[in-house]
Amino acid sequence: MIIDLLLKYRYLIIFPATIIEGPIVSVLSGFLLQLKYFELIPLYITIICADLTGDLLWYAVGHHWGDKFVKRFGKYVGITEEAIEKVKGIFHEHKNKFLFFSKVTMGFGFALATLITAGISRIPLKNFITFTALGQILWTAFLLSIGYFFGTFYLMIDKGFQTIGLITFIVLIILLGMGFNNYVKTLKIKKLS
């Protein structure tokens, strides 16, 4: 059923799915690309655009509501306005590096925080888009490659498990046959004695 939806709507499904869960969808898409469900260029562009759309949404959250959140709830989560001002200064000083490396490393788990901080820090949208897009181009290529080249391991493992299952079944049949044969011999010996 999922494959049918993918075949019918292809990129229209990939786009929102990537906004929600970009890395997983990218790797899965690489695997499906290898199986020829997609074409490389449209898939690559769709994933990049969708992931950047998600990044822009988080940037907007930080830009429009970040300061209000910190003023209202920051004290409850250990974030002060002074700390945010320090972070803004550091972020502005190294914004391009932060944005690029956050994208190509998935922020070492802090990608979302980096995107929101970029919005809170009022990083110019031009810089934000340029450096997240550059990082996204590399990151998407990497994730698609993982799915494309290593996704077939799933098929090999699955085929390996099928082979192991078949061999195990044959060995069990042989062992059961040998056991039954020994049982019949034992019965014959008991009847003769």
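Look up: the structure comes first, before these words.
Just so we're clear, the structure is a prediction, and the values are computed from it rather than from any experiment.

Caption draft 1: Geometry of the packing of helix α5 (residues 95-104) against helix α7 (residues 125-150). Relative to each other, α5 and α7 sit at 30 degrees, their axes nearing to 8 Å. Comparing the axis directions of α5 and α7 gives the class roughly parallel. Of the two possible hands of crossing, α5 and α7 adopt the one that is right-handed. In this structure, α5 uses K95, N96, L99, F100, K103 and V104 to contact α7, whose residues at the interface are N127, F128, F131, T132, L134, G135, Q136, L138 and W139. Per-class residue counts for the contact of α5 with α7 are eight nonpolar, five polar and two charged.

Caption draft 2: Molecular detail of the packing of aromatic side chains. What the rule picks out here adds up to four aromatic pairs. Here Y148 and F149 contribute two aromatic rings whose centre-to-centre distance is 5.0 Å and whose plane-to-plane angle is 80 degrees, an arrangement assigned as edge-to-face. Relative accessible area serves as the criterion here: at 30%, Y148 is assigned to the partly exposed category.

Caption draft 3: Here's a closer look at the pattern of salt bridges. If you walk through the whole model with that rule in mind, you get three salt bridges. Of the charged contacts in the structure, one is a salt bridge between K88 and D67, with a shortest N-O distance of 3.4 Å. On the criterion of sequence distance, the pair formed by K88 in helix α4 (residues 81-93) and D67 in helix α3 (residues 40-73) is long-range, its members being 21 residues apart. The partner of R122 in a salt bridge is D67, with the nearest N and O atoms 3.7 Å apart. Placement of the pair is R122 in the loop between α6 (111-120) and α7 and D67 in helix α3, with a sequence separation of 55 residues. For R122, a relative accessible area of 38% translates into the label partly exposed. For D67, a relative accessible area of 23% translates into the label partly exposed. Each of D67, E85, K88 and R122 takes part in a single network of salt bridges with overlapping partners.

What counts and what doesn't
- Residues numbered from 1 in each chain as written.
- Predicted model: local features only at pLDDT ≥ 70, side-chain atom pairs only at ≥ 80, totals over all residues.
- Heavy atoms only, no water.
- Axes fitted to C-alpha atoms, helices over the stretch in contact; angles between N-to-C directions.
- Helix = DSSP H or I, 4+ residues; strand = E, 2+ residues; numbered from the N terminus.
- Parallel < 35°, antiparallel > 145°, perpendicular 65-115°, else oblique.
- Left-handed = near helix turned anticlockwise from the far one by under 90°.
- Contact = heavy atoms within 4.5 Å.
- Nonpolar A, V, L, I, M, F, W, Y, C, P; charged D, E, K, R; others polar.
- Phe/Tyr/Trp six-rings, centres within 6.5 Å; stacked < 30°, edge-to-face > 60°.
- Buried < 20%, exposed > 50% of the residue type's maximum accessible area, 1.4 Å probe, protein only.
- Salt bridge = Lys/Arg side-chain N within 4 Å of Asp/Glu carboxyl O.

Functional significance is not addressed by these values, which are geometric in nature.
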